[in-house]
Amino acid sequence: MAANPGLQSISDLTASTRLTTGDIPPPLVGSSTTVISTRLYLFAGRLVSSRRMTNELYELDLETFVWTKFQDTEQKAPKARYFHSANQYKNSIVFFGGMGYSRTSNDGLCVLDDVSIFDLDTYTWKHPEITPSSFSPRPRYAHLAAVTANKLVVVGGQDMSNSYIEEINVLDLDELTWTSSRPFEKHCGAYRSVAVSSTSHTNLPLYGNNVNDNASITSVTEENPNPIYLYSNYNFTDVKRELQVIAPPTTSNYQIMDHSSNMTGAFLPPGLRFPTGAILGHHLIISGTYLTNTSQTFSIWALNLANLVWTRIDTGSCFSQGSWNRGILCEETNRYFVLGHRDRSLVDDYNHRQTNFDHVTVVDLEAFGVYQPPPATMSTNAQELGLALLNDSNIADFEIVTQDDRRIPVNSQILSQRWPHFKALTIKNPEDEETILMYNNRALEFPEPYPVTLAFLQYLYTDHLLTSQQHQPQILAQLLLLADMYDLDRLRQLTSHSLHQSLSMSTAALIYETAALSRQTGLQIRALKVMIAAKKMLQQQQ
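Residues numbered from 1 in each chain as written. Predicted model: local features only at pLDDT ≥ 70, side-chain atom pairs only at ≥ 80, totals over all residues. Heavy atoms only, no water.

1. Some points on the overall build of the protein
Secondary structure assignment for the protein yields 11 helices and 30 strands. Taken over C-alpha atoms, the radius of gyration comes to 26 Å for the protein, in line with the 24 Å a tight globule of 542 residues would show. For the protein, the spread of C-alpha atoms along the three principal axes comes to 90 × 60 × 55 Å. In the protein, which comprises 542 residues, the proportion classed as buried is 54%. Sequence separation of 24 or more characterises 58% of the internal contacts of the protein that already satisfy a separation of 6 or more. Of the roughly 24,800 Å² that the protein leaves accessible, carbon and sulfur atoms contribute 48%. Charge separation in the protein, taken as the distance between the mean sites of 40 positive and 53 negative side-chain charges, equals 8 Å. (Helix = DSSP H or I, 4+ residues; strand = E, 2+ residues; numbered from the N terminus. Rg over C-alpha atoms; globule rule 2.2 N^0.38 Å. Buried < 20%, exposed > 50% of the residue type's maximum accessible area, 1.4 Å probe, protein only. Contact = heavy atoms within 4.5 Å. Areas by Shrake-Rupley, 256 points an atom, 1.4 Å probe, with all protein chains shown as cover. Lys, Arg positive; Asp, Glu negative; His and termini not counted. Charge placed at Lys NZ, Arg CZ, Asp CG, Glu CD.)

See below:
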């Protein structure tokens, strides 16, 4: 699985390493990491230096790479612990379980079953009293947890004797009651497994969502929440890989579907120790430590959830040295952040289960075609209505004059609301010559030919790209340049997404040039890879 030498330099363009500053946390074992927006929250863990557990909370700004230690002046933080779980729910983080200290056991340790919530609106701790019931989970550590809709789903983990706990428990996060418990005869834990669910309501594929085990795609809505993807790997000398899809536990008899045998790919992930995972767009991202007698590195993989095909995220040489320990996803930026220390030994730190926080390697996942697609902002009917309004000359009070001298009737109020540049022109100094001329003629000259201008206006009226004309590669390229010129972020996202989808050997050169001019680095690198692959194919044919 070594990187292709011809693509090595390109792969190096997809990742960069940054030094963190501020209140850098000390090396820890079993701490939790939770990303909300562009902030990473690090909680608890065991100090490597003293082997004492902590209950300290740190925040890392993923744009400035500055650490800030939370000052718990009211002493309300939960008990010190490690190998607990931490999950976002709304604007808070829900912590469950882990291993902590006990005053009664011989070794001074115990496993926990408590729930604590850190409110990010007030930066305060809450410790709800949850009434015990037959659905309450057994105390555990090194378990998995994920949130879907308003449910926290706790999977597996280990008890005080290190035996695997074969059950799934569900907590209603609004009512703060445990609502169901069921057996799950799998060995799932932090050393070998991840459980993740998407927080975004886009068209996330739910692979095989029916009893007949046939692959199908469903749209995620508030009424149809996200599934949980449970991935495990074990027997690292002869790797076994498993994938279960846990349907949203809206009822007590929710389905669990096994798709282990459906996963394919030119290469499959190696055994990854203490893996972390996340969902971005239509991909499940898995990363972790890859250790063999001949290879010691950090490895990142993506599983396409529409067809269950694995792809390696080849980041070049960035992980070839140093100790890289924990991967996290920032969905807002389509970037994967790997925490570690670029000058330490991966093997030594792994043997101590140590995670470092001095450096961050940033991976641009969009360069691999892995990103969060822009969501729909209005219904299909509303989009069609927008097109109808553009075609209705009866409500037009203005004209856009194209480069080839064609005139398109428009409504100036709609353009003012949707296009800041047009609005700025209308509020210019009324004595300005350009403004006077524009208002006298009730027309604005637009420096693009008719097909591009019409496609641009269709976007302004619908907030989407929905016509076949808009999706022609040449038109998309010009729309991306216009998005950059007028700083229209929504149009930039839509056109970049469509250009990713239309990327082929015949369009790669156009897309590469357009992405370079509009500073869309991920799209540019991906187009460059296709161009090099096409050149290599031609050389082989000659």
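2. Details of the side chain of S85
Here S85 is to be found in strand β9 (residues 85-89). Residue classification places S85 among the buried positions, given a relative accessible area of 5%. Side chain to side chain, S85 and H143 meet in a polar contact 3.0 Å long. For S85, the residues in contact, after removing those within four places along its chain, are V94, F95, F96, H143 and A145. (Polar contact = N/O pair within 3.5 Å; in protein donor to acceptor, adjacent residues only side chain to side chain.)

3. Concerning the nonpolar core
If you look at soluble globular proteins, the nonpolar side chains tend to sit buried side by side. Judged by nonpolar contacts, the single largest core of 38 residues is most densely connected at V410, L415, W419, F456 and L457. No other element matches helix α7 (residues 450-462), which puts 8 residues into this core. When neighbours within four sequence positions are excluded, V410 is seen to be in contact with L390, A396, D397, F398, E399, I400, L415, L457 and Y461. Of all hydrophobic cores here, the second largest spans 21 residues; its members include A15, C318, Y336 and F368. (Core = buried A, V, L, I, M, F, W, Y, C linked by side-chain atoms within 4.5 Å.)

4. With respect to the environment of A388
Mapping A388 onto the fold places it in helix α3 (residues 380-391). Remark: the alpha-carbon pair of A388 and T462, spanning 74 residues in sequence, is separated by 9.8 Å.

5. Quick notes on a nonpolar patch on the surface
A cluster of nonpolar residues, L385, L389 and I395, forms a patch on the protein surface that exposes about 220 Å² of accessible area. Mapping L389 onto the fold places it in helix α3. Judged by its relative accessible area of 31%, L389 is partly exposed. (Patch = residues over 30% accessible without salt bridge, like charges linked within 9 Å, V, L, I, M, F, W, Y side chains within 5 Å. Salt bridge = Lys/Arg side-chain N within 4 Å of Asp/Glu carboxyl O.)

6. Observations concerning the packing of helix α8 (residues 473-486) against helix α9 (residues 489-501)
Running from N to C, α8 and α9 cross one another at 150 degrees; their axes reach a closest spacing of 9 Å. When the axes of α8 and α9 are compared, the pair comes out roughly antiparallel. Like other packed secondary-structure pairs, α8 and α9 cross with a definite hand, here left-handed. Each of P473, L476, A477, L479, L480, A483 and D484 in α8 lies in contact with α9, whose residues at this interface are L491, R492, T495, S496, S498 and L499. The residue inventory of the contact of α8 with α9, partitioned by class, reads 8 nonpolar, 3 polar and 2 charged. (Axes fitted to C-alpha atoms, helices over the stretch in contact; angles between N-to-C directions. Parallel < 35°, antiparallel > 145°, perpendicular 65-115°, else oblique. Left-handed = near helix turned anticlockwise from the far one by under 90°. Nonpolar A, V, L, I, M, F, W, Y, C, P; charged D, E, K, R; others polar.)

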